[in-house]
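Single-letter residue listing:
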Amino acid sequence: MAIFEWRKFNFFDLRKGVDKDKVSEALQGAKITATANGTSLIVICDSNGFIHTFSRTWVAVSFRGHEGSILLCDISKQNNLLVTVGEDINGPSFKVWNLSKLSAVNGAQCLRTVRTMVSVPTALAVSEGGQFMAIGFAQGNISLYRGDISRDRSKTLKQLTAGTSDIVGIAFKHYHKHTQMFVCSNSGVYLYNLHSRDKEIRVVLSSMKKQVGCSALQTGHNEGHFMVGLDDAVYCYTSDGRGPCYALEGSKTLLHWYRSHLLVVMRNPRTPGSYNLTVIDIQNKFIVFTCPIEEVVAILTEFGTCYILTEDKQIFHLDEKDLQSKLNVLFKKNLYDIAVRIAKCNQYDAEGLAGIFKQYGDHLYSKGDFAGAVEQYSKTIGFLEPSYVIQRFLDARHIHFLTDYLQTVHAQGRATADHTTLLLNCFTRLDRTRQLKEFLKNDQKSNLFNIEVAIKVCRDASYVQEAFQLARTHQKHDACLSILTEDMGQHEEALSYIETLPPADAEGIVKKYGSTLMANCPARTIALLKKLCTDLAAYRNSTPGRDALAVEDMLADLHLADHERAPRGTPEEFIHLFSDADQLIDFLEHLVRYVPSSSQCVYSTLIEHYLYKWRESPGMEEKLLELLRYNGERYDKTHALAQCRMHEFWPGVMYLYEEDKLYHLIIRHYLKHREYDNLLASCRKLANNNASLWLLTLNGLKGDSQAPPHLFNQILQVISQKKLQAPLQVLDCLAVEDGPTFLSVKDYFMQVFQKEQDTIRQEEELARTYSEESAVIKRHIKHLQEGNVEFQNTTCDACKQPLSMPALFFLCKHSYHQDCIRSYTDTERDCPVCNKNNMQLIEALRAQSEARDQHEMFHDILDRSPEPFSVVADYLGRGLFNKLLIVEEGDSQMEFTEPPKQPEPPKPAAAGVDPKGGSKPAAVPYGSNSGPGSNYGAGAEARLRQEEGRTGQARLEPQESEMRLRLMEQERIRQRQQAATIVQQQMK
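One numbering rule holds for all chains: residues counted from 1, following each sequence as written. Totals for whole chains, interfaces and linings use every residue, but because this is a predicted model, local features are given only for residues with pLDDT of at least 70 and side-chain atom pairs only at 80 or more, for both listing and counting. With hydrogens and water set aside, each side-chain value is computed from the structure's full complement of heavy atoms.

A. Broad picture of the UniProt feature "domain: RING-type" (unreviewed entry) in the protein. UniProt positions are given in the numbering used here, feature names are shortened, and annotations may be inferred rather than shown by experiment. Mapped onto the present numbering, the UniProt feature "domain: RING-type" (unreviewed entry) falls on residues 796-835. Helix numbering and strand numbering both begin at the N terminus, where a helix is a DSSP run of H or I of at least 4 residues and a strand a DSSP run of E of at least 2. In this annotation, residues 796-835 is assigned 20% helix and 15% strand; the end-to-end C-alpha distance for the span is 17 Å.

Quick look at the structure:
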């Protein structure tokens, strides 16, 4: 199809005088001979040899370039260099100008001047990087320059030949690794591959012998066609050869690319001397602008727009209309398909394209083309609300088109639940079962529709099998079970389906549908629950054909650590499914057997249901007690105790009491129910750790008239053996109304009386012995005080050498040299051998006396104080009730209450040494007193202590201290005898 047969539109405006005649003012009477543009400059050369540069505001900078007319010019855009070819005095030459240093006064700097061939230059091309420059001459000669064109040195010049006719056009096309040079003349079209090693390979693209009017290299396109304008058409060439051809009759004077449009200037064949400007959209194949124009010298694309320079020095601005204006023009003509193509070429956004499709669809709908309207509406999915389209096709006559549109909506994943419902209803209305199945089958596995809604619609429309297949295909397990149990009533198949699911999914399904399955298939449902709640669930699902022996082997692995077990179900969530107690007990026993680490809820529930059955079922009591004994940490003891008490399962209650050490409750229970044998057995078993249970039992039995007599006797025997209570307290306990008869406790009190008689007899004998020993000691003391003491030692007890004066003799029969005793002690008044024992006895007596005084004072203050507790706390803090102090003397030991700490008494002076330094003839031993005022008997201890406090020198010897202790022991025996007498009188 010829280009003139294409659709024609007016998408451009041509405005004149945009430069305000500044170009004509700069050129004045000169003729335009060459033009170029780049780097935000427009360059115009004239016949007078001047170069005129114009900026965006059309401010001119003019300077002389050559002596004669400038024939050709071009710009290296990357280097901002201008190359001109003109006539000079010595002939044609080319010059290189630096436009970066352009000034209004001096113009541009000339970097280089080179003479060319004598023949006439006809074409000039400079690569964008400035590495190649070619000048074409008449008769097909070409001068190719390599290297930096701004420098004189290292330049490689090669002469090439392209036919025998004048060169019309040259263009460089740069690739990643090499550069191509296209050349056209009347002899043909040639391609030169310029390699980096100064090697040119020529390829003849066309050898036709036709008159070439112009040429241009397509810009802004990946292929980059080199276009040649002939009289019959515009031919395109690539490195591979001749490309497409666009038939366009007429003599072409100029070709130029502007954006994606081809601008062609041709002579008007109807009007000689006139020209036509045609703008062609090659991609969309229509003419977007055409108008008559004067002779055009050049088309310049700079400053983001397009300018046309005519022969009479006029500047026209070719202004492209905005996209919306173009679309409005097309909309008025209902050319929506062209509007879409233009919008896509201009990178229109998806939302804008959807608006065009909507208008297109509305247009087709109004014309009755419903199929075409649906096609256009389908392209708006995602931007246009589907309800707008659905409303238009709700009529029953249009249900086919509505179905197609809804299928497209689902295919693009934009469907909602309502859309799915509507589409499935359309299928069922049209009885398109095959299409329905294909739609539900969804081989592409894409999310075309809402699965849940599709299942619901199919079920409502009685397509139960299709709904089940759909749910099963998309693993909608809940829907599958609902269909099997509610619609189909196939409960066995439902259980089989659950067994194929992973444990986690199966657990959720059983929680929801377990009641229905339990009511219809109880045995198989319970088996499924057992499998889910053990660690073998995943194993059995994955290996259903494994034999029973292998399964039993796996059961042994259930005793692994928790972190090694496979996931299992939660039994607590299944307990509510059981309505039969025996079935639940069977299920829980299975869990306890194979999953011992089950929760407290499992064990507590099993205990509870055991209790429901223990009165009816034989052997249930043993099971229940075994569960309580061997799983103490796995159930809630408080809950179990409450359940056992509620069901009166007393063996379990007694066990739990014993586990919680509630022994007193056990005793009370047996006392309440008069289980005397169990009571006595429990006391013997439990009283080892808590002897007070015997006393509790005695107190509980004292008012029980039905208690057997032998029971009291056995209890009192234990109390007597373990000395748990004094006989008087036992008597007080039993002396109550309706208490036990004396016959029941006769043996106990007879033993008590016998023991007391034996004790009194022993203590009387001991008192007599102490009295005899005391008399002996008194006689010895009197002898020491009044009689003569004979010292017969002849050797020193320290050094074992014969005695020599001065010497010290002690009443304890020890003798020492005075020098020897000084080496053992600081004082000469105490015997080194006897001093240690004497001091211990003295301290013990002092502590006993002070403790007695403190106790008397304590009771006195306690009786008079309004706050007895504070008094007790104060004395406890002072250490009145501290542990006993043990004093050893030979083989005997004595205990005294430790008194509060008191300051130590001052040390006495040594015996036998005069304070003034003299020595005495005989030393008084520790504890002796030879003064005439010494007395013994009643009050002797008081006088002795008064003497100690006054002089600080008196000491007691061991015999006297021992006598005092024995006197105190006699006093204690007398008190015990008196207490026994009182008891006997009360018993009588």
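B. Representation of the sheet that holds strand β22 (residues 241-247) in the model. Taken in spatial order, the four strands make up an open sheet running β19-β20-β21-β22, and their pairing is antiparallel. A strand with exactly one partner marks an edge of an open sheet, and here the two such strands are β19 (214-217) and β22. Put simply, the sheet's adjacent strands are angled 20° from each other on average, direction ignored. Any two strands with at least two DSSP bridges between them are considered paired. Inspection of the sheet shows β19 paired to strand β20 (residues 226-229) by four bridges, in the antiparallel sense. Residue pairing in the sheet places C214 in a bridge with G229 of β20. Every axis in this analysis is a line fitted to C-alpha atoms, fitted for helices over the stretch in contact. Angles between the N-to-C directions lie between 0 and 180 degrees.

C. The arrangement of the pairing of strand β11 (residues 121-126) in detail. A large share of β11 lies buried, amounting to five of its six residues. With antiparallel pairing between neighbouring strands as the criterion, β11 and strand β12 (residues 132-137) make up a hairpin whose turn holds five residues, including G130 at a positive phi of roughly 80°. Three labels apply to residues, based on accessible area from a 1.4 Å probe with only protein chains included: buried if under 20% of the type maximum, exposed if over 50%, partly exposed otherwise in between.

D. How the structure looks around a negative patch on the surface. The grouping of E294, E295, E311 and D312 at the surface amounts to a negative patch. Here D312 shows up in the loop between β28 (305-310) and β29 (315-320). Classification of D312 as partly exposed rests on a relative accessible area of 36%. Residues form patches when they are more than 30% accessible in relative terms and have no salt bridge. Like charges link within 9 Å. Nonpolar side chains (Val, Leu, Ile, Met, Phe, Trp, Tyr) link within 5 Å. Residue-level accessible areas treat just the shown protein chains as cover; the underlying method is Shrake-Rupley with a 1.4 Å probe. Salt-bridge detection follows one rule: a side-chain nitrogen of Lys or Arg within 4 Å of a carboxyl oxygen of Asp or Glu. Charged residues are defined here as Lys and Arg on the positive side and Asp and Glu on the negative side; His and the ends of the chain fall outside this count. Taken as the charge location is NZ of Lys, CZ of Arg, CG of Asp or CD of Glu.

E. Expanded view of the sheet that holds strand β18 (residues 200-206). Sheet architecture is open: four strands sit in the order β15-β16-β17-β18, paired in antiparallel fashion. Each of the sheet's edge strands pairs with one partner strand only, and the pair in question is β15 (167-174) and β18. Looking at each pair of strands side by side, their axes are set apart by 20° on average, direction ignored. Bridge count for strand β17 (residues 188-194) against β18 is six bridges, and the pairing is antiparallel. Bridge assignment links Y192 to a residue of β18, and that residue is R202.

F. Region of the structure containing the packing of aromatic side chains. Any Phe, Tyr or Trp ring, taking Trp's six-membered ring, that has another such ring centre within 6.5 Å forms a pair; planes under 30 degrees apart are called stacked, those over 60 apart edge-to-face, and the others tilted. Using the criterion set out here, one finds 25 aromatic pairs in the structure. Between F749 and F753 the ring centres are 6.4 Å apart and the planes differ by 35°, which places this aromatic pair in the tilted class. Of this pair, F749 and F753 both sit in helix α28 (residues 742-786), four residues apart, which is roughly one turn of the helix. Aromatic rings pair up to connect Y365, F370, Y377, Y388, F393 and F401 into one cluster. Only when the NZ of Lys or the CZ of Arg is both within 6 Å of the ring centre and within 35 degrees of the ring normal is a charge said to sit over the ring. The side chain of R392 reaches across the aromatic face of Y365, ending 4.6 Å from its centre. A cation sits over an aromatic face here: R629 above Y655, 5.9 Å from the ring centre.

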